[in-house]
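In case you want the letters, here they are:
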Amino acid sequence: MFHQPRTRHGAVLILVAGIAALLISISLAFLTRMRSDAEETVVTMRETQARLMLSAACNYILEASRLGWETTPPGEQTPPVATRPDAPPSPHQEAFGWIDVRDGRIGPRLSQGEDVLPVSPDRPQGDSARFPLFTGFRFPMYVRERPPYAIRLDAVYNPIAASGPDEGLPWLINPDPQPQASNRWNGGNHTVNPTVNDWYDYKNGDPRPRIRTMNRAWFRLWRDGPATFVVTCGAGGTLGYRLKDWNVNDPVTGLPMVDHALFGNDYETFRDLDAHEIRFWYRVEWSAAVLALDYHNLDHELGIDRDHYMSWPPNASHTWRHSRRTQMHAKNMVGTISWVQRLVTEPTNW
Amino acid sequence: MPSHRQPFQYRRGGFTLLEVLIATAMGVVIIGTAFAAFRVASQTVTIANRLSLENAMMRAGFSKAQEELDFWQSYDDPDVTQGEKLRATLAPASLQGAHGLIFAPMATLLPPPAASTDTFEGAQGWDDRAWLAHDSRSWYRGNMAEKYDTALIFGRYAIFASADVGTTAFYSGASTAAVGSPPAVNPPVAPPVVPPIPDYSGVAVPHHWHDRQLSAFLRNTSPYMLSEYLPANTIYCFAETFSNGGTDRGGIPLMSIQPGDENSFCNQDGGQKNARGKYRQTYRTTWSVPPNDPQVQPGGPADPTIFSERWKSQRRYFETGYASTPESINDFVQVTTITTPVLDVAPTHWPRVTLSVNRFIKNARSIALFRLRLSSPVTGSVYEVCFTGFGTTLRGARQQRYYDPSDASSADAAGRRRGWASWDDPIPGQTPAAIPDPTLDTPRL
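Calculation rules
- Residues numbered from 1 in each chain as written.
- Chains lettered and ligands numbered in written order.
- Predicted model: local features only at pLDDT ≥ 70, side-chain atom pairs only at ≥ 80, totals over all residues.
- Buried ≥ 20, exposed ≤ 12 C-beta atoms within 10 Å, placed from the backbone.
- Helix = DSSP H or I, 4+ residues; strand = E, 2+ residues; numbered from the N terminus.
- Pairing = 2+ DSSP bridges.
- Expected span 1.5 Å × (residues − 1).
- pLDDT = per-residue confidence, 0-100.
- Contact = placed C-beta atoms within 7 Å.

Visitor: How would you summarise the pairing of strand 8 (residues 382-388) of chain B if you had to cite specific residues and measurements?
Guide: Along any regular strand, the residues point their side chains to alternate faces of the sheet. All names here are of chain B. Counting buried residues along strand 8, only 0 of its 7 residues qualify, which leaves the element largely exposed. One ladder, built from 7 bridges, connects strand 7 (residues 365-375) with strand 8; its direction is antiparallel. Pairing of Leu372 across the sheet is with Val385, part of strand 8. Count of turn residues in the strand 7/strand 8 antiparallel hairpin: 6 residues, of which Gly380 carries a positive phi of about 80°.

Visitor: Summarise unusual backbone geometry; cite the residues concerned and give the values.
Guide: Going from A:Gly107 to A:Pro108, the amide bond is cis rather than trans, its omega being 5°. As for its placement among the helices and strands, A:Pro108 is situated in the loop between strand 2 (92-93) and strand 3 (136-141). Residue A:Arg184 is not a glycine yet carries a positive backbone phi of 55°. Following the sequence through the fold, A:Arg184 ends up in the loop between strand 4 (144-146) and strand 5 (185-186). With 10 C-beta atoms packed within 10 Å, A:Arg184 lands in the exposed category. In the Ramachandran plot, B:Trp72 falls in the positive-phi region, its phi being about 55° despite a non-glycine side chain. Here B:Trp72 is to be found in the loop between helix 2 (17-71) and strand 1 (89-90).

Visitor: Quick rundown of the pairing of strand 10 (residues 278-287) of chain A? Include the residues and the values.
Guide: Residue and element names in this part refer to chain A. Judged by how many residues are buried, strand 10 sits mostly within the fold: 9 of 10 residues are covered. Where strand 9 (residues 228-235) lies against strand 10, 8 bridges are found, and the strand directions are antiparallel. Residue pairing in the sheet places Ala235 in a bridge with Ile278 of strand 10. Direction of pairing for strand 10 relative to strand 11 (residues 336-342): antiparallel, over a ladder of 6 bridges. Paired with Val284 across the bridge in strand 11 is Val340.

Visitor: Just give me the short version of helix 2 of chain B, but keep the residues and values in it.
Guide: Residue and element names in this part refer to chain B. With 55 residues, helix 2 should cover 81 Å at 1.5 Å per step; its first-to-last C-alpha distance of 78 Å lies within 8% of that length. By the burial criterion, the buried members of helix 2 are Asn55, Met58, Gly61, Phe62, Lys64, Ala65, Gln66, Glu68, Leu69, Asp70 and Phe71. Trailing helix 2 by a residue or two, Trp72 shows a phi angle of about 55°, which is positive.

Visitor: Go over the confidence of the model for chain B with me, naming the residues and quoting the values.
Guide: Residues and elements named next belong to chain B. Mean pLDDT over chain B stands at 78; residues scoring 70 or higher make up 76%. Within the model, pLDDT remains below 50 along residues 191-196, and this stretch shows 9 contacts once partners closer than five positions in the same chain are excluded. For this predicted complex, the interface score ipTM comes out at 0.85, alongside a pTM of 0.82.

Below, the structure is given as structure tokens:
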């Protein structure tokens, strides 16, 4: 009487175990395949990240042709103003291109034509000393915890009068937008009382990198001509440091070219990161040329059949006076990239 | 007792018909369930494999697209015999130099430098150090507001700049022949009144370089190449010696200002005859790079007739803007698309992935548009991923390609070495010194 139930239990067990094994094997096969796919996609993802760096590098070249240059030279800048609230902000100067549009001298130089950095015995390059010919810079990319001048994305409510002479009118008594940093806004009595430190906190942002955005991609620029640059686009963990620089000291500062501490002072770790990195080399040329103002130079819809010197403002866009307007047609006031060339082989300097 | 038990034990060892039927039924159910389970498992694994294969194929297609983005090998592949499909040039006597496709060597396109005129303003040929904003040679000196048939109401700009050195002749007013005709406008307008025009003969024209460059580029290259080589703010207009039917009275060639059909340089946006830049020329229409069929026939020289047709298609514009129609969009897609399989050889049950690329300029922007299309022969499903990319431009692609007609070290039938040009950037004085290979853009080969 006891044999048959045990046999049935055994059969059920075999069935359940078999089906479970089947399901497990299916799941494992599926997961293994998906993991394999995901691992193979990492290469594609890194390649994409490296390519994004080409756009970032070109944007830097374009904007730095005219913007962002301090009057003080590198290494002589005032400490971050967040630590010195009383320090005056370092003025930015407008420049006129990697090749100055006024006289063709190497730039960038300031509005009065003087050097951004005057020639001195320790700075023989003069006006190109910020980015001298035959020098390179490293640009590790990450997202800051809070960028400069960050504002809150949520709207700030302002009450609307429900009665009285102002009925229906919004009382714009709460500043909108609000800064992401504190300005000691009191919504109760509608006041803001920022301190000097609050202002600099807002102005400077929080420069700390967001951890999850680090060690993903970087680019390097090597100025090989007045307006030509070798762009190295990388995706990986080297932060743009070069393997061949591990034991090389900077001729100016005497410090190692590679910050060993970032890699645990371990050459093998750095070499492993280097080996698994994707790098592309490009060469690009900057041009001072912006888009031609040809479309807006004629008002051909006045209904008068003659020519006019009427010129629409560059950002007025479409000339349909009686109809819609659109955004400006991309007059890029920081120049254009004339051409981009992927280099077939790794250049000596980058 | 044993005799009574034996039959009983014997019966216990067998099966009744009912037991057999039940056991059979249960067996069928169990086997069927197991079979179904294994079948599902098998299908699951098969589908997982198929999806994985599709993913792998799409990744391969994406990688191929990135390579294509940077190396333009669908248009010109220096690694493959007969891969240089867009290098032909044609030099009719009526033009200054040759006109050619987008990978024609620059030395064969622009007139070679002439010693007697190779001066600051008289220089000609391609110079990659020129076209700088501060260089007065590169400034346009015409009148952008001039339109329709000019009556010289804004002056005669050919006295300031001309493509012809020392031989510029002006319209003297002696000819009464109509010069062009006003384009159709709504409402119709009367032709402009042409006042008597004084004779400017004897005027020394001071500027030539800009107009010579424009003339050579406009006549000898395609619009796509023109727009990639000249600065973004270039006005595609110049002046030259007056010719009845060839220029307006101001000496401006009609080809650079007169709206025409799709074989013309100017599109019909606005119906106006005026100087234009890149935006105006690509606002209503698109400049593209039609690949067409290989022009250089295997084992034979270029066929000028075929090339002439291909050259037209290189220069033509495509209606893709506000005046476009489904037919014109189809025309653009069909003529300008290059489609290649991601894998040349693959098992028949594998998904088929093709990569299409269109390169064109629209609204002054250079665009490389890719379409990755996957079709499954198993399920019949088709899906497509479209994306654009930012990579090597045409000029960069030309600088990638080795070209030296005098190099016979590894020459092909045409007497030149194939392959890619090497480039390096050692600091001056650093050894070994960099000796960049000559490329399609090397000006004076």
